[in-house]
Amino acid sequence: MSSILFYLNGQRVVVDRPDLDMTLLQYLRSTGLTGTKLGCGEGGCGACTVMVSRYDTDESRIIHSSVNACLCPLVTIDGKHVITVEGLGTSANPHPVQERIALLHGSQCGFCTPGFVMSLYTLLRNKPNPTEHEIEECFDGNLCRCTGYRPILDAAKTFADMAWKQGTVAADGTAHVVEKKGGCGIDGCCRLQKSPEAVVTNGSPIVHDPIKAPTSITSGCGKGSECCKVQKRHDSGHAESTAVNQAEADKAAVIAKFQRYDPTQELIFPPFLIRYAKRTTSDSEPQLLPLDIASTDAQSWCKRYIRPLTLSALLTALEQYPDAKLVAGNSEVGVEIKLKRSKFATQIYVNDIPELRLISETPEGVAFGANITLAKFEQALDAFTAKHGERRTQSLAALRENLRYFAGNQIRNVATIAGNIVTASPISDLNPVFLAAGATLTLASTQGERQVPITEFFLGYRRTAMRAGEVLVSVSVPFNKEGEVIRAFKQAKRKDDDIAIVTCGLRIRVDENQRVVDAAFAYGGVAPTTVLAHAAAKAAVGGTWGDREVLDRVLGACQQELKLDYAVPGGMAEYRTALTTSFLFKFWAVSCCALRIACAESALAHELDEEERVVSKARQEYAPVEDRAIVGKGVAHLAALKQVTGEARYVDDMPPIAGELHVGLVLSTRAHAHILGINADKALALPGVVRVLTARDVPGENHWNIFKDEEILPADTVHYYGQPLALVLATTQKTAQEAARLVAVTYEELPAVLSIRDAVAQSSFYDETRQLINGDVDKALAAADLVLDGESYCGAQEHFYLETMGAIAVPKGEDGEMEVFASTQNPTEAQMVVAEVLGVPASRVVCRVKRMGGGFGGKESRSVLIAAFAALGAHHTGRSVRIALDRDEDMQVSGQRHPFYGRWTVGVTKEGRILGLRARIYSNGGFSHDLSIGVLERAVSHLDNCYRMPATDFVGRVCRTNTQSNTAFRSFGGCQGMFLSENMLCEVADRLILSVDHVREINLYQTGDVTPFSQKLDDWNVPQMWAQLKSKACYDERRQAVDEFNRQSTHRKRGLAMLPTKFGISFGVKHLNQGMALVHIYMDGSVLVAHGGTEMGQGLHTKMAMVAAETLELPLESIFISETATNTAANTSPTAASASSDLNGFAVYNACKELADRLRPYRERMAGEPFAKIAKVAYLDRCNLTAAGHYCTPDIGFNWMKNEGLLYFYFTQGVAIAEVELDTLTGSHSTLRVDIIMDVGRSLNKAIDIGQIEGAFAQGQGWTTTEEFLYFPNGRLFTTGPGNYKIPSAMDIPRDFRVDLLEGSDTSVLRTIFSSKGVGEPPLFLGASVFFALRDAVLAKRREVGVPGRLVMESPATPEILRMACEDQLAQMARIPGVLKEGKTPFVVRI
Ligand SMILES: Cc1cc2nc3c(=O)[nH]c(=O)nc-3n(C[C@H](O)[C@H](O)[C@H](O)COP(=O)(O)OP(=O)(O)OC[C@H]3O[C@@H](n4cnc5c(N)ncnc54)[C@H](O)[C@@H]3O)c2cc1C
Ligand code: FES
Ligand code: FES
């Protein structure tokens, strides 16, 4: 057979001679089903999730699985039913999953959304009434960078069985609720009364003054104290509150309108496929047959694909093709193909062979078929444990334990045991447990079967004892014996969906006298292969388990045996060594407890076993908006329904234009070098390659960015590893990328500098300096009780927008015109640079942005380069050119958040009051200026955070290094500046033995204080919010509880931190503080708004439409925003600096106000008539129904030389409290609770602003905890994808997350649109409260082990940093003496 048959969204599809290299994702997208997204291509983000259903002949049932389409070869889909996000519903008629995620604000940029929809949908197909826990777990393979997950979880949990219990769903087992009353429960509750109808669609409009909007909010409906809205509420753990919580009322009102979820209405599994799988189809129907497909494409990597259906056919095929690659779940093989560019000419698919999926039981144990999926393995393990009881099945339970955090659902649903064992990865999660359990492997070939103990299977790095022609048939795991205990432990950078740093299976067996008769300690992550710590086991055998001497002996032996060299591949030598003993120590305690051996450690076993993760919960709070019709309300993102249904189009979703070409990037393999030659002969010889472009082919200006210090393509020098040197244009992306790798570049290497510290040591700086000097710092230091010097560092951060950068350039064929569709926050700069590069006037170039799948600053300037590449290609070929970066390319070329390093000297009183601060701060700018000076300015001007510093001497410099050019990232230097000072305050508090929260509190600015940049604080709400949150979140009581917990607990410590923030709003560059809009009212009454801001998920278009609707006094539905384009909004500022709703909002308002004024006479004359009629009459009367609006921020402009003028128009402010729990033996932690209060003025859209706060918080949390951006010492980027760069997952968010908006504050001094404040960036720094809470927990441990005093802790506080900072005995044992580090290069470095 050479064709495959499957169903796609209910329709039968037959593909004859399928492309053997094609993934399911590529196939779907090529057919126009672009709802399924490419986020990474390596199984790490879940954006490509689809549901694959199949009839399982072993279990005689249909199995629905969420699957990563990016790792699923198309050919493996034969006989299955694929459902994509398009198969569920449309924006007009969404599926309940889609509707709920959309309307409960679970979609911001929307790029991750189809993946989340499909994960939840799959869960519901398998279990229509899941628990909240199951719902949270179903997202373990999905990443979202925008929302902070909370709203997605909230929406998903409306399907939970808990909802039944709480009465929000009907109890008939199928129907979900339709009716739920919001309000307080009292009949006729005031909260359920309709707000006064304020939308006037005709009659005389009353246009609000956007600045002089009322500042006090009337709470309640007018019944005074009788009103439910002003009744006092009690909330568990909270102080009394008199505020009305409109957030809850809004949520209840939305939920009440949800359509019923009826599982019986889902797309059915085609009955034909059941017959097909059972091989009972009639003669006239297609049959399930073995496949043997030879590729018809000469360039195909896979030449032959074989799918046998029996073991003997497999063995025969393997004999015939001894070099064939077996493919099962493809989760290893697919990644090898994608990332390591491996090519396997013959592939044999083994997952459709029943003999490899058998599970059988003997009195000695269980034999698991090698190719059962890990999902099925989990179920089987649970079933055997339930059947045989815990004691005999401990090995099975240990395997289950490690599977809990093994990849995500989508991987576990396809990946197999054999795939894990045979890969022989040193960090396999299963192999150590199999080793410790004493498993045996059954291998088969045409020569027969043989059994191999797994202890003899692993020979070296990814080498096994399997012979040519053999396959793994099964793995047998013995039942446990009397006196035996086995446990598994794993530590990764991120708890969920992350590969191990160290993983292990540890087993002992004792006799009746507790004497150890057998021990096996198997480790992964400490050697080239999974190893048994023989010496440690030997040290245990014969000893009495529970005897402290034995423990010391075993730990010592383990430490000696597994200690790592400083330069060990994988790095983290000390940490990994510490983990080996820490796990053994945990095992000691847990096993003693299990064996009922009384010892000091067994009493603490409860602290050491993996605890059940509690289901997260959240609450948001804001007051109702009663004086406005639309602005301020919690309206859902206007494109949300399109995003959840896959209808929303991103650049790479646009259909190809005939003749379109793709770009492949030739990337530098040196960090700094002269280019001696670029030879593209081999690339050009590849069929499909059209051109190779280098610097010589740039017709116009090759230099770009504001300082013009960067080349589009380098002419003779490369400045970083990964820099694009040339562009290959070819007919497919695959060919273009393949050809790019064939371009030979010769270099003459030059010295390179990577890290800030090295750059500072070598004085490798850009020329510019920024300083803020006030008062006499020397005098202040002289007067201080304590003068402290120190250093602080915070690392880089990758934007990790889910949609990588991309652009399509379409040449118009005349006058040099070019249309560029780009994923950019900066269409104007893209237009200008494209025009300069092509040497044409800007008027010939139009840049269009429909939406972005996230930006976060990363697409502010660096995206311009990508647009220029596409335009250059289009210019030379006259054909449309598309570029869509792979994740690893994106991470190598796009620039990140600047790492910062600061040296400081601070003088304080003995009470902790700051008298003066001298700070020298340095950022790593990378190889070009880009936006580094702006970032530096913001860092320098945020060093004060919220604290009064009477004397300051701040100087900032940007380091020139040979890394990619670091760039804007949400908070733009602000968070780095604040972090350095907060770290300094912590060390001050350490030295004074004071609580740092107290030190923060006594130093807070008060109204009227003046900042180091000479700005008087007149709109200052931090002290009020500090007090409010402290009381509401019961800080004092919780501080006591945390201290008490720490007294009681040895190995788990809790930490608490309270953190304020203020963030200045305005662009640092004066001319950027302007916005523009163009508004058309068409004669049918519909309104088209164009403005200068771009939509990247932050809800800007929604807010702008709300401003337009409010101003024009029209319903929101009549406003439409199509795109951002440079021919409708010219000379726009980038969508950045949290200022876009201020700038564009006012511009939209000004245009709409003008139109409203022009229409007033018609409206008055035609009172009661529909607006469409009014518009038509106005048109016929030749009234101009188009208006342009412009706005520039008044009074702004700061002179850095003189420290004069207004730097920021206002400050957005906030306070957070974070509470964490740290496992001091591993460094892993969980964020127990976070409370935030944020002053966003009078919000334009409260629900969207809450979403921005939660999303920014998660990014700040990731920046300071899990996200470690690393380079190899030769300048190559190490962290090139989700596999080794870890943004927070849904499980990392606070278990209890409470967000309030500050209400009722005096906004009279604000001169912003409808008195709102920018919100995109300011909350990000509050995520660092988790870092500071962790620091607090580490301090508790250090005090306990007798390491008091000052703690210096870098960010991000990875598990490695946290664990080693605990400085307990095991950490100290693992330390490598300085002499052994000398002359050695670490595996990876922070820059
Ligand atoms: C996002 C992601 C997360 C991951 N997380 C983890 C993790 O947390 N822990 C972990 O340990 N691993 C992890 N992995 C690695 C991988 O998923 C596992 O190793 C998985 O078990 C591989 O199974 P597979 O069926 O997909 O193997 P495949 O990729 O299909 O094959 C892997 C190897 O096994 C061979 N093979 C398959 N079946 C047989 C057989 N019957 N006989 C002989 N050889 C055979 C293949 O030839 C190939 O060499 C992760 C991978 C990804 C992509
Ligand atoms: S694109 Fe498939 S998991 Fe990321
Ligand atoms: S909404 Fe999830 S990544 Fe943007």
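Residues numbered from 1 in each chain as written. Chains lettered and ligands numbered in written order. Predicted model: local features only at pLDDT ≥ 70, side-chain atom pairs only at ≥ 80, totals over all residues. Heavy atoms only, no water.

Condition: UniProt positions are given in the numbering used here, feature names are shortened, and annotations may be inferred rather than shown by experiment.
As annotated in an unreviewed UniProt entry, the chain carries the name xanthine dehydrogenase and comes from Coemansia spiralis. Of the chain, the UniProt comment under Subcellular location (unreviewed entry) reads exactly: "Peroxisome". The UniProt entry for the chain carries the following comment under Sequence similarities (unreviewed entry): "Belongs to the xanthine dehydrogenase family."

1. Digging into the overall build of the chain
Where we set the bar: Helix numbers and strand numbers start at the N terminus; a helix is a DSSP run of H or I with at least 4 residues, a strand a run of E with at least 2. Restricting the calculation to C-alpha atoms gives the radius of gyration, and the globule rule supplies 2.2 Å times the number of residues raised to the power 0.38. Only protein chains enter the area calculation, which uses a 1.4 Å probe; residues under 20% of their type maximum are buried, those over 50% are exposed, and those in between are partly exposed. Between two residues, a contact is recorded if the distance between any of their heavy atoms is within 4.5 Å. All accessibility values rest on the Shrake-Rupley procedure with a 1.4 Å probe; residue burial counts only the protein chains present in the view.
Assigned secondary structure in the chain consists of 40 helices and 49 strands. Against the 2.2 N^0.38 benchmark of 34 Å for 1391 residues, the chain shows a C-alpha radius of gyration of 31 Å, consistent with a compact globule. Once the C-alpha set of the chain is aligned to its principal axes, its extents read approximately 95 × 85 × 80 Å. Looking at the chain as a whole, 65% of its 1391 residues qualify as buried. Of all intrachain contacts in the chain linking residues separated by at least 6 positions in sequence, the fraction that spans at least 24 positions is 77%. Accessible surface, the chain: about 46,900 Å² in total, of which carbon and sulfur atoms supply 52%.

2. A few points about the sheet that holds strand β29 (residues 744-749)
Strand-to-strand pairing in sheets goes through backbone hydrogen bonds, with the strands running parallel or antiparallel. Formally: DSSP bridges decide pairing: two strands pair if at least two such bridges lie between them.
Read across the open sheet, the three strands follow the order β27-β23-β29; overall the sheet is antiparallel. The sheet is open, and its two borders are formed by β27 (717-718) and β29, each paired with just one other strand. As judged from the two bridges shared by strand β23 (residues 673-679) and β27, these two strands associate in the antiparallel manner. Each bridged residue has a counterpart across the sheet, and for H674 the counterpart in β27 is T717.

3. Considering helix α17 (residues 548-562)
Basically, it comes down to this: Residue count minus one, scaled by 1.5 Å, sets the expected span of a helix.
A rise of 1.5 Å per residue sets the reference length of α17, with its 15 residues, at 21 Å; its end C-alpha atoms lie 21 Å apart and thus fit the reference within 8%. For α17, the set of buried residues is V550, L551, V554, L555, A557, C558, Q559 and L562. As for α17, its buried residues are in contact with β19 (516-524), β20 (531-532), α16 (534-540), α18 (573-594) and α39 (1369-1374).

4. A few points about the confidence of the model for the chain
Counted only if it meets this: The pLDDT value expresses, per residue, how confident the predictor is, ranging between 0 and 100.
Here the chain averages 93 in pLDDT, and 94% of its residues register 70 or above. Confidence drops under a pLDDT of 50 for residues 167-208, and excluding neighbours within four residues, the segment shows 101 contacts in the predicted structure. Low pLDDT (under 50) marks residues 213-241, which in the prediction has 70 contacts with non-local residues, meaning those over four places away or in another chain.

5. Topic: the UniProt feature "domain: FAD-binding PCMH-type" (unreviewed entry) in the chain
If you check UniProt for "domain: FAD-binding PCMH-type" (unreviewed entry), the listed places come out as residues 298-482 in our numbering. Secondary structure over residues 298-482 splits into 33% helix and 24% strand, and the C-alpha atoms at its two ends are 61 Å apart.

6. Side note on the sheet that holds strand β42 (residues 1119-1120)
What counts here: To get an axis, a line is fitted to the C-alpha atoms, and for a helix only the part in contact is used. The angle between two axes follows their N-to-C directions and goes from 0 to 180 degrees.
Pairing in this open sheet of four strands is mixed, and the strands run β42-β41-β40-β44 from one edge to the other. Looking at the sheet topology across the chains shown, the edges are occupied by β42 and β44 (1186-1192). Judged from the two bridges that link them, strand β41 (residues 1087-1091) and β42 form a sheet pairing that is parallel. Paired with L1088 across the strands is F1120, a residue of β42. Packed on one face of the sheet, helix α33 (residues 1100-1112) meets β40 (1074-1081), β41 and β42 and runs near 130° to β41.

7. Re unusual backbone geometry
A cis amide bond links S1355 with the next residue in sequence, P1356, at an omega value of 5°. Among the secondary structure elements, P1356 is positioned in the loop between α37 (1328-1344) and α38 (1359-1365). For C1034, which is not glycine, the phi torsion reads 55° and is therefore positive. Position of C1034 among the secondary structure elements: in the loop between α31 (1022-1032) and α32 (1035-1048). Phi at N1203 takes a positive value of approximately 55°, unusual for a residue other than glycine. On the secondary structure map, N1203 appears in the loop between β45 (1197-1199) and β46 (1204-1206). Classification of N1203 as buried rests on a relative accessible area of 13%.

8. So, the packing of helix α25 (residues 827-838) against helix α26 (residues 862-877)
For the record, the criterion: Put simply, angles under 35 degrees are roughly parallel, angles over 145 are roughly antiparallel, angles from 65 to 115 are roughly perpendicular, and the rest are oblique. Handedness of a crossing is defined here by the sense of rotation of the near helix relative to the far one, left-handed for an anticlockwise turn of less than a right angle and right-handed for a clockwise turn. Residue type decides the class: Asp, Glu, Lys and Arg count as charged, Ala, Val, Leu, Ile, Met, Phe, Trp, Tyr, Cys and Pro as nonpolar, and the leftover types, Gly among them, as polar.
Where α25 contacts α26, the axes come no closer than 9 Å and their chain directions differ by 40°. With respect to their mutual orientation, α25 and α26 come out oblique. Classified by chirality, the crossing of α26 by α25 is right-handed. On α26, the residues touching E829, A830, V833, V834, V837 and L838 of α25 are V864, A867, A868, A871, L872 and H875. When grouped by side-chain class, the residues that make up the contact of α25 with α26 number 10 nonpolar, one polar and one charged.

9. Description of the site of ligand 1
Note the cut-off: The nearness test applies per residue and asks whether one of its heavy atoms lies within 4 Å of the molecule or strand. Whenever a nitrogen or oxygen atom comes within 3.5 Å of another N or O atom, the pair is scored as a polar contact, on the condition that within protein one atom can donate a hydrogen and the other can accept it, and that pairs from neighbouring residues in sequence are kept only if both atoms are in side chains.
Within the structure, ligand 1 sits among 36 residues, and L326, A328, S331, E332 and T416 are positioned closest to it. One of the backbone nitrogen or oxygen atoms of A328 is found 2.7 Å away from an oxygen atom of ligand 1. A distance of 2.9 Å separates an oxygen atom of ligand 1 from a polar atom in the side chain of N420. Calculation on ligand 1 without its partners gives an accessible area of 990 Å², and the protein chains cover 93% of this total. Looking at the shell around ligand 1, the elements that each hand over two or more residues are β8 (325-327), α10 (333-339), α14 (417-423) and β16 (471-478). Ranked by residue count, the leading element in the shell around ligand 1 is α14, at five residues. Classifying every residue of the shell around ligand 1 gives 19 nonpolar, 10 polar and seven charged.

10. Examining the nonpolar core
Worth spelling out the cut-off: Buried Ala, Val, Leu, Ile, Met, Phe, Trp, Tyr and Cys residues that are joined via side-chain atoms within 4.5 Å together make up what is termed a nonpolar core.
Grouped together as the largest cluster of nonpolar side chains are 154 residues, with contacts concentrated most on V906, I1081, L1112, I1236, F1325 and F1332. At 11 residues, helix α34 (residues 1140-1165) tops the list of elements feeding residues into this core. Ignoring anything within four residues of it in the chain, the contact list for I1236 reads L1029, V1215, A1216, I1253, F1257, F1297, R1298, V1299, D1300 and L1326. V85, A160, A695 and Y1271 belong to the second-largest nonpolar core, a separate cluster that totals 101 residues.

11. Some words on the pairing of β41
Quick reminder of the rule: By convention, a crossover is right-handed whenever its connection, traced from the first strand over the helix to the second and viewed with the strands pointing away, goes clockwise.
Counting buried residues in β41 gives four out of five residues, a clear majority hidden from the surface. Adjacent in sequence and paired antiparallel, β40 and β41 are bridged by five residues, among which G1085 carries a positive phi angle near 90°. As a crossover connection, the stretch from β41 through α33 into β42 is right-handed.

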